[in-house]
Each structure stands twice: as C-alpha cells, then as structure tokens.
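Listed below are the residues making up each chain.
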Amino acid sequence: MTKRAAAYVRVSSEEQTEGWSMDGQEHAIRDYAARNDYEIVSVYTDDVTGSKDKRPGFEQMLMDAHSSLFEAIIVFHTSRLFRNVALARRYKDLLRNKLNIDVIFINQPIVSPDDPAAFMMEGINELFDEYYLHQLRFWTSLGKQTRAQQGMWNGTLPFGYITDPETGLPVPHPQNAQGLVMAFEAYSTGRYTDQQIADLLNREGYRTTGNWGERLFTKDTVNRMLQNVFYLGLVKYKGQTFPGQQPPLMEQELFDKCQEVRARRANKRRALGAQKQIYILAGLARCDKCGLTMRCGATSSGQRFRYYRHMPATRGYECVVPSKSIRADLLEDQLSELIGDIHLPDAWRHRIEELAGNTDQREAVLREREQLQERLRRLKQMYRDLVIDDTEYRRTLEDLQSRMAGLVLPNNPHIVRAGEYLETLGPLWREATLAEQRDIARVLFKSVYLDVEAGYIVAIEPVAIFRPLFIEFCSDLGVEIR
C-alpha cells in the first residue's frame, strides 16, 4: 500500500559548494520514494542554517504534520534536518512518538525499536553533524581573527575604499574618499544629524557600496560609517583592534570629534528622560503599494505624538506613494475596532470538521502547494542565474512563502485552540495595555497593510494558524484578508 510522504530538503550558504544541492536532494528522495512505495505529496525547502528550528519550510512541515497530511518525512541525510543534537532528538520524538510519523533518512538504516544498532548509528551521525558545524565555526572564526591580526579586512570594503588590482590591498577610492571626509567634517560641527548627513551625501551624488550595490544613503548606513575605525587605518574583530594594511582616510582628531558629538547627543537624550514609546503595529505595518515596513517615530516638542512613517526615498527604495507620516493613535483605534468586530459563529467547530472532511479541498490545497513549491524552485534558479535582481527576488519570495504558509487545512487541532483564542479576544484586547496589545497583534498578524495616502488599514495578513479562521468566519471585517 502506497504511503503519503513529505520530502524535506535544506541547504545553507556555507554548504553551497559541498554537494548539498536542493535539486540533488529532492531527486534522491523521489527515487527512494518510488522504490519504497511512498507518494511525495509535498516538498518543503529551506535555505538557512541547520542549527536553528525557526525556518519557514520546516515550520510549515510541522504544521502539516499536525494536520496528518502525510505519514512519513523523507530526508536525504541527518544533517539536512538538523545540525543540533538536542533539537534533532526533540523533533524526532514529537514526529515519531506523538504524531506517529516516520522520519526516514535515505542513506542510513530505518530506526525501529527492534534495531538498536540503527538507533545508535543515527545518533552518531547527528553527533558528527553538530561537530561539523562547531568545527566550521571554529575555523571560520580563527580565519577571520588571523586576517584581522594581519591587518586584513573581513567582508566587503567600507565606503571610501577600493581594492588595488595589483596588490589586492584597500586603497582610497578616487571619488568616494572625498565624500567620506566631507561626511565626517560636517558631522563634527554638531549641526548635522545622521539623516542630514545621508541627505548631504545623496545630494552630492554619492551612493553606498558593498553587497547590495549602489543605493541611497540612509541614517542607519551613516550611523555605522561614522563609527568605523577602519577609516583610521585599523581593523576590528570581536572587540579587539589591530593595525590595518590600509592607509587611513582621516586624522584621529577628526574621528574623535565625531564620537564626542555622538556622545553628547546620547547624553542629552538620556537626560531628557524621554519615555519609551510603544507602537502596536511595530514591525507589522506595511505600505500596501510597495510592501515596505513603516518606521515608528514621535514628535519631541510639546505634546508627544506617535507616528508610523513611510520613508521609501530615504531608505533607498522606490514607491509610487511619497514619504508620509500617519498618526499612530488613529491607526491603532482602527485596529481596535477591527479586532472588536471579530466574532466566530456558534457552529464554528462543526464547520471546521466539515472542511477537514472535504476531500476535494484537501486535494486542491495539495495541488496548489506543489505549484508554489515549483515556483519557489524556479524563482531561486532565476535569482542564481541573475535573471532577476535582489528587490524582485525578495518581494516574490515573501509573497510565495506567505501564500505557502496560508495553505493550512483546518483539521489541525491547533486551529481549534486558535479559534478558542479568537472567541475571547475582544474582552482581552479591551483590558490590555499598549504593550500587551502589541504582543497580541504579533500573535495574530504577520503583516498589516496601509493605504498610506488615505491613512487607514486596508488589508491584514494573519499568521498561518489563524488564516483559515479569518477567511472562513471573518470576511466581513471591512479589510482584505491575505
């Protein structure tokens, strides 16, 4: 009898050249499944480290495991699931002993209670998997420390330098070095903020350098730049400073003046004793047109007002909507009304059971998930082949992962608990403090989209576990549910 199975494949940046390609893993898993009477119903992928359990593909697989979408998980090698022994044992126990889902590593014997040798070999493999990661970190750290001790820079060169093609050493950039000194001299006067220095550099035609290419300066890039001792001819690694092989771009006196200005401003802010502001939609509020997160800020004169600020230009992004601020209290009042309107019908539990038994819907979800997996695979291939740029890749990736996360069948017992949470949410929200409301919002939503020009919420994106409930029972909230 054919069993339903999930395939899990993972690769991380440090392993790109180690033969762990995603396509190779998936091909081997599908070949194993065909030879052993398994049907691959879904493929879950992650492009991150194996030492953590916070991975979108892995988390989605766990949610679907609770929904009984498959009877087995097939992985190419123990290291693909985890490079952390404690996490590997915890999740294998959950899957095998609590959810009755087989976890199969195709290059080693299947573990069963009757085969202690296979159990031992799997444990030894996992021990070596974690050992490899510690060894990799050790040699990487040692290599970086050795480079620093030799006066060599780790990573991309900061703005103002360029690599000499003959010596391979950093030398002053013929144009950018002048812009760098200009920025330090302006800031040392005490009349410019980080943002004003960024505006100055942008007006003069300077752009950032590094992995992300040429982009507009922001206050964050300027903040880091104005504190970088590399410009004094030094290199820094893990708190230690060493003489560098690069020539300095400025005198110690100018650098110290800038640090004194920054220290005075920091002391002044502490002296004012400004109360830390709380923003319920911090990290959640996004522009509906470009998807850029809104920044939080408050006025400092007179009565303090909190704002969510749309700042695409100063952050180096393009958007049809210009920079604008929206009063935080107005948006948060709308969010409170929206949450107050959440009501589940008395028969919501019965409706979830009906949906769970809908075979057609189940198959449709599986088909759509496979299609999204294929689109994710093609997207990553296009990015590797330089067919699309970073911005398009990140936006499309977030969209596909969001849609993937939303494909959760409502027979998951966690959804019942989510429904019970929504039933009591109204009174809980009304009694909550701003900080508690912020935490509740993060439990419920992945993103909240704003019409920036009009100044109100137009769409919400619930986290995966709540999304089926919102779609089925909360479609009349007056906002789009994504």
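Above this text you will find the structure in question.
On a predicted model such as this, the values are computed, not experimentally measured, just so you know. (Residues numbered from 1 in each chain as written. Predicted model: local features only at pLDDT ≥ 70, side-chain atom pairs only at ≥ 80, totals over all residues. Heavy atoms only, no water.)

Novice: Is there a simple way to explain the sheet that holds strand E3 (residues 72-75) in this structure?
Specialist: Pairing between the strands of a sheet comes from backbone hydrogen bonds, and it takes one of two forms, parallel or antiparallel. Pairing is parallel in the open sheet, where four strands are placed in the order E2-E1-E3-E4. Since the sheet does not close on itself, it has two edges, and those belong to strand E2 (38-46) and strand E4 (102-105), each with one partner. If you compare each strand with its neighbour and ignore which way they point, the axes differ by 25 degrees on average. Alignment of strand E1 (residues 3-10) against E2, held across eight bridges, turns out to be parallel. In the strand pairing of E2, Ala-7 is matched with Val-43. Strands E1, E2, E3 and E4 of the sheet are contacted by helix H1 (residues 22-35), whose axis makes an angle of about 165 degrees with E2. (Pairing = 2+ DSSP bridges. Helix = DSSP H or I, 4+ residues; strand = E, 2+ residues; numbered from the N terminus. Axes fitted to C-alpha atoms, helices over the stretch in contact; angles between N-to-C directions. Contact = heavy atoms within 4.5 Å.)

Novice: Whenever I open this one, the nonpolar core confuses me. Can you help?
Specialist: As a rule of thumb, soluble globular proteins bury nonpolar side chains together. Tyr-308, Leu-422, Phe-445, Ile-460 and Phe-470 are the most contacted members of the largest nonpolar core, which totals 46 residues. Elements supplying a minimum of two residues to this core: strand E9 (285-287), helix H10 (328-340), helix H14 (413-423), helix H15 (425-431), helix H16 (434-444), strand E13 (445-451), strand E14 (456-462) and helix H17 (467-473). Of the residues forming this core, the biggest block, five residues, is contributed by H10. If we skip the residues at most four places from it in the chain, Leu-422 touches Ile-342, Leu-344, Leu-444, Phe-466, Leu-469 and Phe-470. Of all hydrophobic cores here, the second largest spans 32 residues; its members include Tyr-161, Tyr-231, Leu-249 and Phe-255. (Core = buried A, V, L, I, M, F, W, Y, C linked by side-chain atoms within 4.5 Å. Buried < 20%, exposed > 50% of the residue type's maximum accessible area, 1.4 Å probe, protein only.)

Novice: Help me out: how do you make sense of helix H2 (residues 56-66) in this one?
Specialist: In an α-helix, one full turn covers 3.6 residues, which means residues spaced three or four apart are oriented alike. Burial within H2 is extensive, with eight of its eleven residues counted as buried. Of the positions making up H2, those classed as buried are Gly-57, Phe-58, Gln-60, Met-61, Leu-62, Met-63, Asp-64 and Ala-65. Note on H2: the residue one or two positions beyond its end, Ser-68, has a positive phi of about 60 degrees.

Novice: Before we go on, may I ask you to explain the sheet that holds strand E10 (residues 295-298) in this structure?
Specialist: Across the sheet, three strands lie side by side as E10-E11-E12; this open sheet has antiparallel pairing. Since the sheet does not close on itself, it has two edges, and those belong to E10 and strand E12 (324-327), each with one partner. Pairwise comparison of adjacent strand axes, ignoring direction, gives a mean angle of 35 degrees for this sheet. Taken together, the four bridges between strand E11 (residues 306-310) and E12 define a ladder with antiparallel strand orientation. Of the residues in E12, the one forming a bridge with Tyr-308 is Ile-326. Packed onto the sheet, H10 meets E11 and E12 and runs at close to 90 degrees relative to E11.

Novice: What is the right way to read the packing of aromatic side chains from this model?
Specialist: Two aromatic rings, taken as a pair, are described by how far apart their centres are and by the angle between their planes. Within the structure shown, the criterion is met by 13 aromatic pairs. When the centroid spacing of 5.1 Å and the interplanar angle of 90 degrees are considered together, the rings of Phe-58 and Tyr-91 count as edge-to-face. One end of the pair, Phe-58, is in helix H2; the other, Tyr-91, is in helix H4 (residues 85-98), with 33 residues separating them in the sequence. Here Phe-58 matches Tyr-91 in class, with each residue buried. An angle of 75 degrees between the planes, with centres 5.9 Å apart, marks the rings of Phe-184 and Tyr-231 as edge-to-face. Linking Phe-184 in helix H6 (residues 176-188) with Tyr-231 in the loop between helix H8 (219-225) and strand E7 (234-237), this pair joins segments that are 47 residues apart in sequence. Given a relative accessible area of 0%, Phe-184 falls into the buried group. In this structure Tyr-231 comes out as buried when scored by relative accessible area, which is 1%. Through a chain of ring-to-ring contacts, three or more aromatic side chains come together here, namely Tyr-161, Phe-184, Phe-230, Tyr-231 and Phe-255. Over the aromatic face of Tyr-449 sits the side chain of Arg-482, whose NZ or CZ is 4.4 Å from the ring centroid. (Phe/Tyr/Trp six-rings, centres within 6.5 Å; stacked < 30°, edge-to-face > 60°. Lys NZ or Arg CZ within 6 Å of the ring centre and 35° of its normal.)

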